[in-house]
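Structural characterization, general
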Amino acid sequence: MPTETASQVQMVTDDRPVSQPGSLERGIDILLALSAASHPVTLSQLCRSTGLPKSTAHRILGVLCSRELARRVGNAYLPGELLESMTGITRARIPGTRQAVLPYLLYLYETTRQTVNLAVPSGLEARYVERLYGHNRVVSRSDSVDRAPLHCTATGKALLAFDPKLRQEVLARGMFERMTRRTITSLAGLERELAQVRRHGVAYSQEEYTEGVACVAAPVFGPGGRICMSLGVAAPAHQVPLAKLGISVRGAAQAISATLLGL
């Protein structure tokens, strides 16, 4: 029988169709696109960056969301909690800060006897990375998920007020979800609120996210002078003097910022 030459074999090999990527490869492409984004990504944006058809991307995103590798925020997507914990995607604390920060959180809890929260921005939400509380903790919507919207929480407002890029991303939405009858839902209203936060260095949320809960928060700045976290205290509404609580929270946040400068 005639034998094939090397050139003929090469020609046959080169003419074979390139295999299409499987579901695993497509899922990885979507995860890489989500991980690289600094803000929520829409389905259309994901399709443009990955080259996937909308129906395929939507189906894979459904699976990723069910496994907590992705999550939906409005009409866009972010890395899920499991993916964040695996890769450290969240705009996190400065490495090595827990040891430096925790004593101030403990002191703030001891002096206030209220729930103490330390939050970092995660997409268009605040994610609570440290929480201290006693048996009499207030019950909040964020308890089961350790995250909350930026526009109606004190920790979120503190992050928004001092992070221009994050503020621009959030304000671009124009209207905001109403969580309670006190929630600020207008663009102008939120901008006025954030101006007050920048002026006084303290943010307040009085039953704007959860009925019966009031919160006070202050920004924490990193070595470069940029906000990296916000420190907050949640307490029963109308049972604690918020102005006095604000002094304690702002003092603790300033002490943490000063400590971070030395890291």
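Throughout what follows, the structure given in this document is the object of discussion. (Residues numbered from 1 in each chain as written. Predicted model: local features only at pLDDT ≥ 70, side-chain atom pairs only at ≥ 80, totals over all residues. Heavy atoms only, no water.)

1. Remarks on the packing of aromatic side chains
We apply this condition: Note on aromatic contacts: the rings of Phe and Tyr and the six-membered ring of Trp form a pair at centre separations within 6.5 Å, being stacked when their planes are under 30 degrees apart, edge-to-face when over 60 apart, and tilted otherwise. Each helix is a run of H or I in the DSSP string that is no shorter than four residues. Each strand is a run of E no shorter than two, and both are numbered from the N terminus. Exposure is judged per residue with a 1.4 Å probe applied to protein chains only, and the accessible area is read against the type maximum: over 50% gives exposed, under 20% gives buried, and values in between give partly exposed. Only when the NZ of Lys or the CZ of Arg is both within 6 Å of the ring centre and within 35 degrees of the ring normal is a charge said to sit over the ring.
For the structure on display, the rule yields one aromatic pair. A ring pair is formed by Phe162 and Phe221, whose centres lie 5.5 Å apart and whose planes are at 90°; its orientation type is edge-to-face. Taken together, the residues span a long stretch of sequence, with Phe162 in helix H7 (residues 154–162) and Phe221 in strand S8 (residues 213–221) at a distance of 59 residues. Look at Phe162 and you get partly exposed, because its relative accessible area is 22%. Residue classification places Phe221 among the partly exposed residues on the basis of a relative accessible area of 25%. Of note, Arg137 hangs over the ring of Tyr133, and the distance from its end group to the ring centre comes to 3.6 Å.

2. Some points on the sheet that holds strand S6 (residues 147–149)
Two orientations exist for strands paired in a sheet by backbone hydrogen bonds: parallel and antiparallel. The criterion, for reference: If DSSP finds at least two bridges between two strands, the strands pair. Axis definition: a line fitted to C-alpha atoms, limited for helices to the stretch in contact. Angles are taken between N-to-C directions and run from 0 to 180 degrees. Note on definitions: a residue-residue contact is assigned when non-hydrogen atoms from the two residues lie within 4.5 Å.
Strands sit in the order S6-S5-S4-S9-S8-S7 across an open sheet of six strands; the sheet is antiparallel. Edge positions in the open sheet fall to S6 and strand S7 (203–206), since each of these has one partner strand only. In this sheet, neighbouring strand axes are inclined to one another by 30° on average, regardless of whether the strands run parallel or antiparallel. Here S8 pairs with strand S9 (residues 227–236) via nine bridges, running antiparallel. What sits directly across from Cys215, in S9, is Ala234. The sheet contacts of helix H6 (residues 97–112) involve strand S4 (115–122), strand S5 (125–132) and S9, and relative to S5 the element is tilted by about 75°.

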